[in-house]
Amino acid sequence: RKLGYAILGLGYYATRIIMPRFAECEHSKLVALVSGTPEKLKTFGEQYGIPESHRYSYETFDKIVDNPDVDIVYVVTPNSLHRTFTERAAKAGKHVMCEKPMATSSADCEAMIAACKKAGRKLMIGYRSRFQAHNIEAIKLIRDGAIGPVRHISTDHGFTIGDPTQWRLKKALSGGGSLMDIGIYSLNAARYLTGEEPVAVNAIESTDRSNPRFKEVEDIINFQLLFPSGATAQCGSAYTANFNRYRVSGPKGFIELDPATSYQGQAMRTALGGPPAPREPAPQPKNQFSAQLDHLSECILTNREPIVGGEEGLKDVRVIEAIYRAAREGRTVRL
Ligand code: NAD
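Keep in mind that this is a model prediction, so the values were computed, not measured.

Q: Got a minute to help me understand the sheet that holds strand E14 (residues 277-278) in this structure?
A: In any sheet, the strands associate via hydrogen bonds between backbone groups, in a parallel or an antiparallel arrangement. Judged by pairing direction, the sheet is mixed, and its 9 strands sit side by side in the order E14-E13-E12-E11-E7-E10-E9-E8-E15 without closing on themselves. Among the strands making up the open sheet, the edge pair consists of E14 and strand E15 (333-334). Relative to strand E10 (residues 232-238), strand E9 (residues 220-226) runs antiparallel, the two being bridged by 4 bridges. For leucine 225, the partnering residue across the bridge sits in E10 and is alanine 233. Helix H9 (residues 310-329) rests against strand E8 (200-206), E9 and E15 of the sheet, and its axis sits at about 60° to E8.

Rendered as structure tokens:
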């Protein structure tokens, strides 16, 4: 059976990256659209064959409670709006997929978890890399002991941000700068590669506040994480540098992905007791986006919890808050 998704927020990621991927889903289909822009509802409604009865504005969105075709609402708006739309979706009896970062504060994340729990509905965060072949392979190699215990992770995520008027550069909508948007991939990777939760955080920020793009949010914020096993992570996050990579090292070797968490084109190199060499991961049945969409549907159909539920989003946001604090106060923050 295919569960029905409503996509809420018809911006770049929703319309260019996610919506085309329903075609390869086994358990998910696109059945409804929610947008503040009538023209987008018309254009994408016609393109995807969504009838007018299944097109909602933000004002009419709560009527989705009466639409039995919709099982899941996928929230793809600017970050600070994730909470309210998740709460409204849960109240309407729908399961929720919410984009990263889950919200702009841990208090908001906790409220979202509580709202879905109260409604008896599942909540998953759009951590697509957990469904991507190279990342799955890296995690498996580490868990199988291929490099021995993880001792060090070095990871960087950043891109050159353009238009100074975009929501990503408005703190009220984004919650913060590169860390909220792209550095979160460094953090999340360090957590899923070690399989541990950090216990201490250091951070240093570098932002040119005279640059019109960075009046409200940070540009570079680099951070270090200490894990309970003694493993460490050196993490980069930037809005003025292009990189997307990680290397995980242990006494027996290393695993490197560059790019690591991009939409496509991942490349892996490993040194597992011999010289470094390219490696192809075990093939996965679906691309990361379709697999992510289907994971929530399958969890609902079989009553399991998603591997990246609300708690996973909350854990990242808690560390993000600690990273900002460490940078601001110039000290190690213990978690
Ligand atoms: P975008 O600007 O392209 O789209 C955002 C959409 O939200 C737009 O359609 C906009 O009209 C709508 N919106 C609703 N209320 C708004 C308001 N008050 N102000 C501004 N826009 C409003 O952004 P995007 O790149 O699609 O990002 C949307 C979300 O998806 C973000 O949370 C982002 O972090 C996440 N995202 C995730 C990935 C990923 O790989 N998982 C990639 C890109 C974006």
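Q: Even after reading the chapter, I still don't get the nonpolar core, so can you show me in this structure?
A: As a rule of thumb, nonpolar side chains are buried together in soluble globular proteins. Within the largest apolar cluster, 101 residues are counted, with the highest numbers of intra-cluster contacts made by Ile7, Leu193 and Leu225. The dominant element in this core, judged by the number of residues it contributes, is helix H7 (residues 178-194), at 10 residues. Each of domain 1 (3-125) and domain 2 (132-282 + 316-334) accounts for three or more of the residues forming this core. When residues no more than four places from it in sequence are discounted, the contact partners of isoleucine 7 are Ala14, Ile18, Met19, Phe22, Leu30, Ala32, Leu33, Val34, Tyr74 and Val76.

Q: Explanation requested: the state of the cysteines in the structure shown.
A: Note on terminology: disulfide describes a covalent bond linking the sulfur atoms of two cysteines. On inspection of all chains with the given rule, the structure shows 0 disulfides. Not part of a disulfide, cysteine 116 finds its nearest cysteine sulfur in cysteine 98, a span of 9.0 Å. Among the cysteines around cysteine 299, which has no disulfide bond, cysteine 25 carries the closest sulfur, lying 14 Å off.

Q: Looking at this structure, I do not really get the site of the ligand. What am I missing?
A: Inspection of the region around the ligand gives 23 residues, with Tyr12, Asn79, Lys100, Arg128 and Trp167 positioned closest. Among the elements of the structure, helix H1 (12-18) and H7 are those that each provide at least two residues to the shell around the ligand. Of the residues contributing to the shell around the ligand, the split by class is 12 nonpolar, 5 polar and 6 charged. Two domains share the shell around the ligand, each providing at least three of its residues, namely domain 1 (3-125) and domain 2 (132-282 + 316-334).

So, how was this worked out
- Residues numbered from 1 in each chain as written.
- Predicted model: local features only at pLDDT ≥ 70, side-chain atom pairs only at ≥ 80, totals over all residues.
- Heavy atoms only, no water.
- Pairing = 2+ DSSP bridges.
- Helix = DSSP H or I, 4+ residues; strand = E, 2+ residues; numbered from the N terminus.
- Contact = heavy atoms within 4.5 Å.
- Axes fitted to C-alpha atoms, helices over the stretch in contact; angles between N-to-C directions.
- Core = buried A, V, L, I, M, F, W, Y, C linked by side-chain atoms within 4.5 Å.
- Buried < 20%, exposed > 50% of the residue type's maximum accessible area, 1.4 Å probe, protein only.
- Domains from an automatic or database assignment.
- Disulfide = S-S within 2.5 Å.
- Near = heavy atom within 4 Å.
- Nonpolar A, V, L, I, M, F, W, Y, C, P; charged D, E, K, R; others polar.

Keep in mind that these numbers describe shape and distance, not what the molecule does.
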